[in-house]
Amino acid sequence: MIDKGFLMKTISRFILLTVVLVGVSACWSTSVTKIGTGTYAPLAEGKDVTIFTAESDVKQPFAVVGVISYEGPGQNDKLDFGAATEPLKEKARALGANGIIIDRFGPLQSGLTSTRISVRARAIHLI
C-alpha cells in the first residue's frame, strides 16, 4: 500500500520545485565591472542614457567607466533588445554614465528549447 500522506507531500514538493525553477529561468541578470580612474556621480533615476550601437556613432569625446553584461529573456519571448535596455541604463546611471555602447548582442542557448539574449556593453560618460 502507498501511504497517501507521503504521496501528497512528494507531489507538493515536486510542484513547488517546478514553480521555483520556472521562476528562476525567467529572471534576468546584470553584472558591472568598473574600469578607468574617472569617478562620476551617479545619475538620478529616470535620467536619460543614450544607447549607441557602435563606437563610431558617438560623435563627441567620452570616457569608458565600466562594462555591463545582461543575460535574460527577450521581450515578448522574442530575441528583442528592448528587454535589456532598462537594466543596462540602470547600471550605467549607477556608474555616472550617460551613454552605452553596445558591443555584443545575440542569442544565448539556455536549456533544450529556450533561447535568451546576451548583451555586453560599455558604459560611457560623454564629455
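You'll find the structure just up there.
These numbers come from a predicted model, not from an experiment.

**Q** Which parts of the structure should I look at to understand the nonpolar core?
**A** General note: in soluble globular proteins, nonpolar side chains tend to be found buried as a group. Counting 15 residues, the largest nonpolar core has Leu-88, Ala-92, Ile-100 and Ala-123 as its most contacted members. Every element with two or more residues in this core is listed here: β3 (62-72), α2 (82-95), β4 (99-110) and β5 (114-126). If we skip the residues at most four places from it in the chain, Ala-123 touches Ala-63, Val-64, Val-65, Gly-66, Ile-68, Ala-92, Leu-95, Ala-97 and Gly-99. By size, the runner-up hydrophobic cluster in this structure holds 5 residues, among which are Phe-52, Val-58, Ile-124 and Leu-126.

**Q** Even after reading the chapter, I still don't get the pattern of salt bridges, so can you show me in this structure?
**A** When the charged atoms of two side chains with opposite charge come close together, those side chains can pair. For the structure shown, the criterion picks out 3 salt bridges. The partner of Glu-55 in a salt bridge is Arg-122, and the shortest N-O contact between them spans 2.9 Å. Taken as a pair, Glu-55 in the loop between β2 (50-52) and β3 and Arg-122 in strand β5 lie far apart in primary sequence, 67 residues in all. Here Arg-93 makes a salt bridge to Glu-86, at a shortest N to O gap of 3.1 Å.

The rules behind the values
Residues numbered from 1 in each chain as written. Predicted model: local features only at pLDDT ≥ 70, side-chain atom pairs only at ≥ 80, totals over all residues. Heavy atoms only, no water. Core = buried A, V, L, I, M, F, W, Y, C linked by side-chain atoms within 4.5 Å. Buried < 20%, exposed > 50% of the residue type's maximum accessible area, 1.4 Å probe, protein only. Helix = DSSP H or I, 4+ residues; strand = E, 2+ residues; numbered from the N terminus. Contact = heavy atoms within 4.5 Å. Salt bridge = Lys/Arg side-chain N within 4 Å of Asp/Glu carboxyl O.

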